[in-house]
Amino acid sequence: MEDLVGLLRIRVKRGMNLVSRDSQSSDPFVVVTMGSQTLKTHRVENNCNPEWNDELTLAFNDHNQPVILEVYDKDTFTSHDKMGDAEIDIRPFLEIQAMGLQDLPDGTEVKRVKPSTDNCLAQESRIAFSNGKIVQDMVLKLRNVESGDVEIQIEWISVP
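Let me begin by describing the structure that accompanies this report. Note that the structure is a prediction, hence the values are computed from the model and not measured. (Residues numbered from 1 in each chain as written. Predicted model: local features only at pLDDT ≥ 70, side-chain atom pairs only at ≥ 80, totals over all residues. Heavy atoms only, no water.)

Digging into the sheet that holds strand β1 (residues 6-16)
- Judged by pairing direction, the sheet is antiparallel, and its 6 strands sit side by side in the order β4-β1-β10-β9-β8-β7 without closing on themselves. The open sheet has two free edges, formed respectively by β4 (51-60) and β7 (109-113), since each of these has just one partner strand. With strand direction ignored, the average angle separating the axes of adjacent strands in the sheet is 20°.
- Alignment of β7 against strand β8 (residues 125-130), held across 4 bridges, turns out to be antiparallel. Counted as the bridge partner of K111 is I127 from β8. (Pairing = 2+ DSSP bridges. Helix = DSSP H or I, 4+ residues; strand = E, 2+ residues; numbered from the N terminus. Axes fitted to C-alpha atoms, helices over the stretch in contact; angles between N-to-C directions.)

Considerations on empty space enclosed by the protein
- Scanning the entire structure with this criterion turns up 1 cavity of 30 Å³ or more.
- The volume enclosed by the largest cavity comes to roughly 40 Å³.
- For the lining of the largest cavity, the element with the highest residue contribution is strand β9 (residues 133-141), accounting for 3 residues.
- Considering only residue class, the lining of the largest cavity consists of 5 nonpolar, 2 polar and 2 charged. (1 Å grid on protein atoms, 1.4 Å probe; cavity = no way out; pocket = protein on both sides within 12 Å on 5 of 7 lines; lining within 4 Å. Points joined across faces, edges and corners; volume = space filled by probe spheres on them. Nonpolar A, V, L, I, M, F, W, Y, C, P; charged D, E, K, R; others polar.)

Notes on the pattern of salt bridges
- Per the stated rule, a full pass over the model turns up 19 salt bridges.
- Two residues, D89 and R91, come together in a salt bridge whose shortest N-O distance is 2.9 Å.
- Judged by its relative accessible area of 16%, D89 is buried.
- By relative accessible area, R91 is classed as partly exposed at 48%. (Salt bridge = Lys/Arg side-chain N within 4 Å of Asp/Glu carboxyl O. Buried < 20%, exposed > 50% of the residue type's maximum accessible area, 1.4 Å probe, protein only.)

Structure, rendered in structure tokens:
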């Protein structure tokens, strides 16, 4: 792990209004990729509004490396069906993290990020100080699909 800057923890909370890829519903799971690292959540059976609440932690060493989130429907006998994707824009979060803010009152809002053509935000995102750390809550609008959002939270973990 040369040049390790820190760890990026992504809490994949839930999916909302995901498309149905099977006859009645879907069995969705999330795959998060950054460079050669790929992590995935558990599968939720027969649910287009799944609650994963899984924590995925990526080793972070390149500020320019995109973080991609993809949602799939698990299929047993055929390849998994893609249910959409989104790029997690971590630049605003990294800018705030680099400021080295400490000892702020819990819940202090540091910045708001508005949805734009440069990000996959479905609604305004909030970067705040929570439990001694900077976190960002996001709802991502999935691309390349009829509908679907995924709610996540990102958090930075420093390495000594």
